[in-house]
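Below, each chain spelled out in residue letters.
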Amino acid sequence: MIHKTVHLKCAAKWSKEMGPPLLDKAKFWHVHSEKALNERQRKVITRFMEAGPDGFEGGMTNRKYKNLTKVSRETAKRDLTDLVNKGILKRNPGSGRGASYDLVWQWATGNQ
């Protein structure tokens, strides 16, 4: 009986720690399931979700996107613009080389 109790406690702890992020990811992909995304965009979105709302210091920049996905600066710009147009990323204040983006987190709180 002790063995089952230990497993139940571990499962409860895992559920509290990992359950919400997993549910958030599932909710995100459900909300955005109709939107065509390429593999690079999916990779960056997944990294955003893993990092959490404050995970990317300074937001996602063109340079960070380029380095993460191994694409040209122009491809990174097109991908980021596409994600903004689809309502997945939002552009932070600033322009030029200082431009950065953050994930729109409303889907995680149910405000979409």
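Check the entry above for the structure.
Thresholds, definitions, all that
- Residues numbered from 1 in each chain as written.
- Predicted model: local features only at pLDDT ≥ 70, side-chain atom pairs only at ≥ 80, totals over all residues.
- Heavy atoms only, no water.
- Helix = DSSP H or I, 4+ residues; strand = E, 2+ residues; numbered from the N terminus.
- Buried < 20%, exposed > 50% of the residue type's maximum accessible area, 1.4 Å probe, protein only.
- Areas by Shrake-Rupley, 256 points an atom, 1.4 Å probe, with all protein chains shown as cover.
- Core = buried A, V, L, I, M, F, W, Y, C linked by side-chain atoms within 4.5 Å.
- Contact = heavy atoms within 4.5 Å.
- Pairing = 2+ DSSP bridges.
- Axes fitted to C-alpha atoms, helices over the stretch in contact; angles between N-to-C directions.

Examining the overall build of the chain
Line of reasoning, step 1. Looking only at helices and strands, one finds five helices and three strands in the chain.
Line of reasoning, step 2. Helices (α) and strands (β) of the chain occur, in sequence order from the N terminus, as α-α-β-α-α-β-β-α.
Line of reasoning, step 3. Burial analysis of the chain (112 residues in total) assigns 29% to the buried set.
Line of reasoning, step 4. Counting only carbon and sulfur atoms, one obtains 55% of the accessible surface of the chain, whose full area is about 7,700 Å².

Here we look at unusual backbone geometry
Line of reasoning, step 1. The backbone of Lys 70 sits at a positive phi, close to 60°, despite the residue not being glycine.
Line of reasoning, step 2. Within the secondary structure, Lys 70 is located in the loop between helix H3 (62-69) and helix H4 (73-85).
Line of reasoning, step 3. Of the residues examined, Lys 70 reaches a relative accessible area of 71% and is grouped as exposed.

Brief notes about the nonpolar core
Line of reasoning, step 1. Counting 18 residues, the largest nonpolar core has Ile 45, Phe 48, Met 60, Tyr 65, Ile 88, Leu 89 and Leu 103 as the members making the most contacts within it.
Line of reasoning, step 2. Sequence-distant contacts of Phe 48, that is, excluding residues within four places in its chain, are made with Phe 56, Met 60, Leu 89, Tyr 101, Asp 102, Leu 103 and Trp 105.

With respect to the sheet that holds strand E3 (residues 100-103)
Line of reasoning, step 1. Ordered by their spatial adjacency, three strands build an open sheet running E1-E3-E2, and the pairing between neighbours is antiparallel. If you trace the sheet from one side to the other, it starts and ends with strand E1 (60-61) and strand E2 (89-91), each paired once.
Line of reasoning, step 2. Judged from the two bridges that link them, E1 and E3 form a sheet pairing that is antiparallel. When the bridges of E3 are listed, Met 60 appears paired with Tyr 101.
Line of reasoning, step 3. Seen against the sheet, helix H2 (residues 39-51) touches E1, E2 and E3 and runs at an angle of roughly 70° to E3.

In short, the description is geometric, and any link to function would need to be established separately.
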